[in-house]
Amino acid sequence: MMNLKEKADTFSWVGLEVDKLTMELEPFQREEILLPTEPGGWWHQYVCPQHHTELIFDAMECNAVVFACPKGCKLEGEPYRGAWLVYRHQAMARYALHAAAVFAADGEDFYSGLAQKILVGYAEQFPLYPVHPDAQPWMLSGRAFHQALTEAIWSTTLIRAYLLLVDHGVTFAEEEELKLQVFFTMLEESMEQYRHILIYEKKNAESNYTAWLNASLACIYAAKGTTEKLASLLEGEGGFYHHLSIGVKPDGFEFEGSTYYHIFVLRAYLIAAEMAGRFGVDLYEAKGDQGQSIRGMFQLLVEISGDNGELPAVHDGPYARVPFAREIAEVFEIGSAVYTELNLQPILANAYRYLYGEGERTGLEAVLYGVGESRELQSTYTVRDSVLLPDSGFAVLRHPGNPLSVLADFGEHGGSHGHFDKLHITIMHRWGEVAPELGMVPYGSILRKEWYSETTSHNTVTIGGRSQAPHTGSCRQFRKEGNATYLWIRSDGAYEGAILDRHLVLADGWLLDWFHVEQVMERDQEVDLWFHPTGHLRLPADPHRVQTASPTFLGLEAGYGSVEILSVMKNETDCMLNTEWNIRYREVGTDREYEVSTSTLLAPGSIMHEIRTPGIAEDPSRLLRGIMLRHIGPSVDFITVYREGHEPAVLKLVSQAGELPRIQIATTGQRIDYCLDPKAGLIQEESRNTEE
Ligand SMILES: [Zn+2]
Ligand SMILES: [Zn+2]
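Every residue gets a number counted from 1 within its own chain, in the order that chain's sequence is written. Labels are handed out in written order, letters beginning with A for the chains and numbers beginning with 1 for the ligands. For this predicted model, a pLDDT threshold of at least 70 governs which residues receive local features, and a threshold of 80 or more governs which side-chain atom pairs are given and counted, while totals over whole chains, interfaces and linings are taken from all residues. Values shown for side chains rest on all heavy atoms present in the structure; no hydrogens or waters enter the calculation.

Another aspect to go through is the overall build of the chain. Check the secondary structure of the chain and you find 15 helices and 25 strands. We compute the radius of gyration from the C-alpha atoms alone; for a globule the expected value is 2.2 Å times N to the 0.38, where N is the number of residues. For the chain, whose C-alpha radius of gyration is 27 Å, the value lies close to the compact-globule estimate of 26 Å for 692 residues. Principal axes of the C-alpha set define a box for the chain whose edges measure 90 × 50 × 50 Å. Per-residue accessibility, obtained with a 1.4 Å probe over protein chains only, is compared with the maximum for each type, and a residue is labelled buried under 20%, exposed over 50%, and partly exposed between these values. Here the chain, with 692 residues, has 62% of them falling under the buried criterion. For this analysis, residues touch if any pair of their heavy atoms sits within 4.5 Å. In the chain, of all internal contacts separated by at least 6 residues, the share reaching a separation of at least 24 is 66%. For the purpose of counting charges, residues Lys and Arg are taken to be positive, whereas Asp and Glu are taken to be negative. His and the chain ends are not included. Charge positions come from single atoms, namely NZ of Lys, CZ of Arg, CG of Asp or CD of Glu. Taking the average location of the 57 positive side-chain charges in the chain and that of its 96 negative ones, the two points are 3 Å from each other. Each helix is a run of DSSP H or I of at least 4 residues and each strand a run of E of at least 2, with the numbering of both proceeding from the N terminus.

Water is absent from the atoms considered, so a metal site may look incomplete; donors are defined as N, O and S atoms within 2.8 Å of the metal, or 3.2 Å for Na, K and Ca. For the zinc ion (ligand 1), every protein donor is listed as Cys48 (SG), His51 (ND1), Cys69 (SG) and Cys73 (SG), and the spread of their distances is 2.1 to 2.4 Å. In this structure, the zinc ion (ligand 1) is surrounded by four donor atoms whose angles at the metal cover 95 to 117°, and the resulting shape is tetrahedral. Mapped onto the sequence, the residues coordinating the zinc ion (ligand 1) show the spacing C-x2-H-x17-C-x3-C. Linking Cys48 in the loop between helix H2 (12–24) and strand S1 (66–68) with Cys69 in the loop between S1 and strand S2 (74–76), this pair joins segments that are 21 residues apart in sequence. The class of Cys48 is buried, set by a relative accessible area of 1%. Of the residues examined, Cys69 reaches a relative accessible area of 3% and is grouped as buried. All geometry calls rest on donor angles, where a four-donor set with angles between 85 and 135 degrees is tetrahedral, four- and six-donor sets with opposite donors more than 155 degrees apart and all others between 65 and 115 are square planar and octahedral, and all else is irregular.

Take the packing of aromatic side chains next. Note on ring pairs: Phe, Tyr and Trp rings are taken, using the six-membered ring of Trp, and paired if centres are within 6.5 Å. Classes follow the plane angle, with under 30 degrees stacked, over 60 edge-to-face and the rest tilted. Scanning the entire structure with this criterion turns up 32 aromatic pairs. Judged by centre distance (6.4 Å) and plane angle (80°), the rings of Trp43 and Tyr87 are edge-to-face. Here the residue Trp43 occupies a position in the loop between H2 and S1, and Tyr87 occupies one in helix H3 (residues 80–106), the gap between them amounting to 44 residues. Residue Trp43 shares its accessibility class with Tyr87, and that shared class is buried. Here the aromatic cluster, defined as three or more aromatic residues joined through ring pairs, consists of Tyr122, Phe126, Phe145, Trp154, Tyr162, Phe172, Phe183 and Phe184. Comment: the charge-over-ring label is applied if NZ (Lys) or CZ (Arg) is within 6 Å of the ring centre and within 35 degrees of the ring normal. Over the ring of Phe126 we find Arg143, and its NZ or CZ is 5.8 Å from the ring centre. Its guanidinium or amino end placed over the ring of Trp431, Arg592 lies 3.7 Å from that ring's centre, counting from NZ or CZ.

To continue, consider the coordination of the zinc ion (ligand 2). Protein coordination at the zinc ion (ligand 2) comes from His419 (ND1), Glu437 (OE), Glu437 (OE) and His458 (NE2), with a distance range of 2.0 to 2.6 Å. Seen from the zinc ion (ligand 2), its four donor atoms lie at angles of 53 to 147°, and the figure they make is irregular. Of note, the zinc ion (ligand 2) draws all its donor residues from one chain, in the sequence arrangement H-x17-E-x20-H. Taken together, the residues span a long stretch of sequence, with His419 in the loop between strand S5 (402–409) and strand S6 (424–429) and Glu437 in the loop between strand S7 (432–435) and helix H15 (447–452) at a distance of 18 residues. This pair shows no difference in class: His419 is buried, exactly as Glu437 is.

Now for the side chain of His44. Locating His44 in the fold gives a position in the loop between H2 and S1. Among residues more than four places away in sequence, those in contact with His44 are Pro442, Tyr443 and Gly444.

To continue, consider the packing of helix H12 (residues 322–338) against helix H13 (residues 345–356). Lines fitted to C-alpha atoms define the axes here, with helix axes fitted over just the stretch in contact, and angles between the N-to-C directions of these axes take values from 0 to 180 degrees. Contact geometry for H12 and H13: axes closest at 9 Å, N-to-C directions at 150°. Seen from above, H12 lies across H13 with left-handed handedness. Within the contact between the two elements, H12 uses Val322, Ala325, Arg326, Ile328, Ala329, Phe332, Glu333 and Ser336 and H13 uses Ile347, Leu348, Ala351, Tyr352, Tyr354 and Leu355. The handedness criterion is simple: a crossing whose near helix is rotated anticlockwise from the far helix by less than a right angle is left-handed, and one whose near helix is rotated clockwise is right-handed.

What follows covers the packing of helix H10 (residues 259–278) against H12. One way to put it is that H10 packs onto H12 with a least axis distance of 10 Å and a crossing angle of 50°. Judged by the angle between their axes, H10 and H12 are oblique. Relative to H12, the crossing made by H10 is left-handed. Of H12, the residues touching H10 (which contributes Tyr260, Ile263, Leu266, Arg267, Leu270 and Ile271) are Phe324, Glu327, Ile328, Glu330, Val331 and Ile334. Each residue receives one of three labels: charged for Asp, Glu, Lys and Arg, nonpolar for Ala, Val, Leu, Ile, Met, Phe, Trp, Tyr, Cys and Pro, and polar for the others, Gly being one of them. Taken together, the residues that form the contact of H10 with H12 break down as nine nonpolar, no polar and three charged. Angular relationships are summarised with four words: roughly parallel below 35 degrees, roughly antiparallel beyond 145, roughly perpendicular across 65 to 115, and oblique for the angles in between.

Attention now moves to the sheet that holds S7. Pairing is antiparallel across the open sheet formed by five strands, whose spatial order is S3-S4-S5-S6-S7. The sheet terminates laterally at strand S3 (387–389) and S7, the two strands that pair on one side only. Sheet twist, expressed as the mean angle between neighbouring strand axes with direction ignored, is 20°. Taken together, the six bridges between S5 and S6 define a ladder with antiparallel strand orientation. Paired with Leu407 across the two strands is Thr426, which belongs to S6. Lying over the sheet, helix H11 (residues 294–304) contacts S3, strand S4 (394–399) and S5, oriented at roughly 55° with respect to S4. Following DSSP output, two strands are said to pair if at least two bridges run between them.

Across the junction of Glu78 and Pro79, the peptide omega takes the value 5°, indicating a cis bond. The topology assignment puts Pro79 in the loop between S2 and H3. One non-glycine residue, His315, lies in the positive phi region at around 55°. The topology assignment puts His315 in the loop between H11 and H12. Residue classification places His315 among the buried residues on the basis of a relative accessible area of 1%. A positive phi is found at Leu423, a non-glycine position, where the angle reads about 70°.

With that settled, the discussion passes to the confidence of the model for the chain. Per-residue confidence for the chain gives a mean pLDDT of 93; residues scoring 70 or more make up 98%. A score between 0 and 100, pLDDT records how confident the predictor is in each residue. Looking at the elements of the chain, mean pLDDT is at its lowest for strand S15 (residues 545–552), recorded as 81, and at its highest for helix H9 (residues 240–247), recorded as 98.

Here a helix's expected span is defined as the number of its residues, less one, multiplied by 1.5 Å. The terminal C-alpha atoms of helix H4 (residues 109–125), which comprises 17 residues, lie 24 Å apart, in line with the 24 Å expected from a rise of 1.5 Å per residue. Among the 17 residues of H4, 12 are classified as buried, and the element is accordingly described as predominantly covered. Along H4, the residues classified as buried are Tyr111, Ser112, Leu114, Ala115, Gln116, Ile118, Leu119, Val120, Gly121, Tyr122, Ala123 and Gln125. The inward-facing, buried residues of H4 contact H2, H3, helix H5 (148–167) and helix H6 (174–201).

Moving on, we come to the pairing of strand S21 (residues 635–644). Looking along a regular strand, one sees side chains alternate from face to face of the sheet. Along S21, eight of the 10 residues are buried, which leaves the element largely enclosed by surrounding structure. In the sheet, strand S12 (residues 511–519) pairs with S21 via eight bridges, with the strands oriented antiparallel. Counterpart to Val517 in the pairing with S21 is Val636. Looking at chain direction, strand S18 (residues 593–602) and S21 are connected through six bridges and run antiparallel. The residue bridging Thr598 from the neighbouring strand is Tyr642, located in S21.

On to a negative patch on the surface, then. Each patch groups residues whose relative accessible area exceeds 30% and which form no salt bridge, using 9 Å between like charges and 5 Å between nonpolar side chains of Val, Leu, Ile, Met, Phe, Trp and Tyr. Using a 1.4 Å probe, the Shrake-Rupley method yields the accessible areas, and only the shown protein chains count as cover for residues. The term salt bridge refers to a pairing of a side-chain nitrogen on Lys or Arg with a carboxyl oxygen on Asp or Glu at a separation within 4 Å. On the surface, Asp19, Asp106, Glu108 and Asp109 cluster together into a patch of negative charge. Along the chain, Glu108 turns up in the loop between H3 and H4. For Glu108, a relative accessible area of 43% translates into the label partly exposed.

Below is the structure:
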């Protein structure tokens, strides 16, 4: 592999990016480097208590005392200062790596000096930090941070900077090298101790923490050149191979079913692999007991991403944030270099687009890990098939002729990072989101528990005004046939005595969503189906729809307290009522618009609520308008057809009373009848090409 100097000389884009990185370090020509003498707190508390948005962080500010929310609030004191210190320590570690990269590429001593000052500064400072007294009780407490986990992550950045310098011929003065070795040894002792507690005392070897303690220790051993200890990180309980076997499902998903923690663990694995590589051990091709592999973890992300490379924020994890996008860029640059047969470019391009506005290789991650003649990246996936992930419990339905795709969640709850979200669907358009998973706010926000983990914030069903119980659903059928994919998923553990069945068909011209609920015990509870699109919702003028005088609430518990009712329409007739509505979107970063039109069959007595709720987790205060359908009674069918464009599909009930329900869906040129049999599933009865 080329070193950075050779890369900068060979690829013109790398040289240009190094110039930009050099410019960014300009302020350090004049300013002294000030490392905070206080340890960091918990970053999740860096969130506005009023707007629930992450507070603004300026990496160049040395000693912040006022913390601003993007909406204008000004906060002071704890816990914001402690949280800010985490960002500051992480930023200084990143500057060390940044300066080391500039030095490695252009050889100017000022930059190696800058990186050295940060490294030696932390080596001097580290023994002075107390073992953190303010850590939350469930945390393994660290020294430079509340959490040992944060310390592990921070240490890998510093040591990568150290190794980059050493690899490019930098030597430290004897006294400084000694301080660094003391620092590494202290880190080593703490990390080994945390690892012991986590694996043997807490018996939590599968935790995402373990992967990070392994990564940190691999870095430390590489920095100290202690080959003999590496083996202890690979073999045995909680070792690399064991963690891959228990922390990742056979279908490739990290066991918590969270996109964020999946990438978190993947990044730790890649750091461990980089360090093991220095000792001549190849972990890139390592396999778990059931075939789990790093390659498989990349493949999984490709499977669940949207056509534009956007990753759904399933289970805990931010909707989008700068540090996460950098992590994605790093992981996918390394992945693209190692697993050349995988197409990882659209996800990579999407991360760069979020960070820099353009979907091409830019910035520190690109310089450090990017390989290739060109900075340009393919920005969309073309043809990908529908896929079932049987172990983690997700399915993605795709169709080459349909710009819409859908991801359904029926798997395990996901431990402490799960949401009460079984049978949730995320709908995507080729150009962006339609009804996504809303993501998670920083954990310090009360909305974590009061909205984002509750069932009501997901596109699924609640019964009796309560959230679902943590449980695992099942897949009854997954069939790719002709030119459609059919998925039938079930949940019978969400509410005692209730069975929830969701049937999805993705065909050429539409997405059919039939949600059938049976209550066998308490038979007259409210069944609510939630739908949270992010676009501009337009409901037709309808004399039966009544605006509520002032926004009202349907309850306080289980997220209902975050939902305002804007208008209400009840089906007072004794037949199914067809209602159509439309949502308009604009593709992020362009003027391109897209639309989704829907037709819903509202059962007699059912009520359609127009709702207003907190927005996606990146900015909860940007409220969303959505739909909640309510039915009271022992059994209900919610039937909706989504279609790309301005014209909804024609949806009607064609069966007589007393028969199994049959519906007909018609669009230009096509007409299909389906029988909705709760026992046998969805049966396609007749398909007619109506084109003249
Ligand atoms: Zn605020
Ligand atoms: Zn969720």
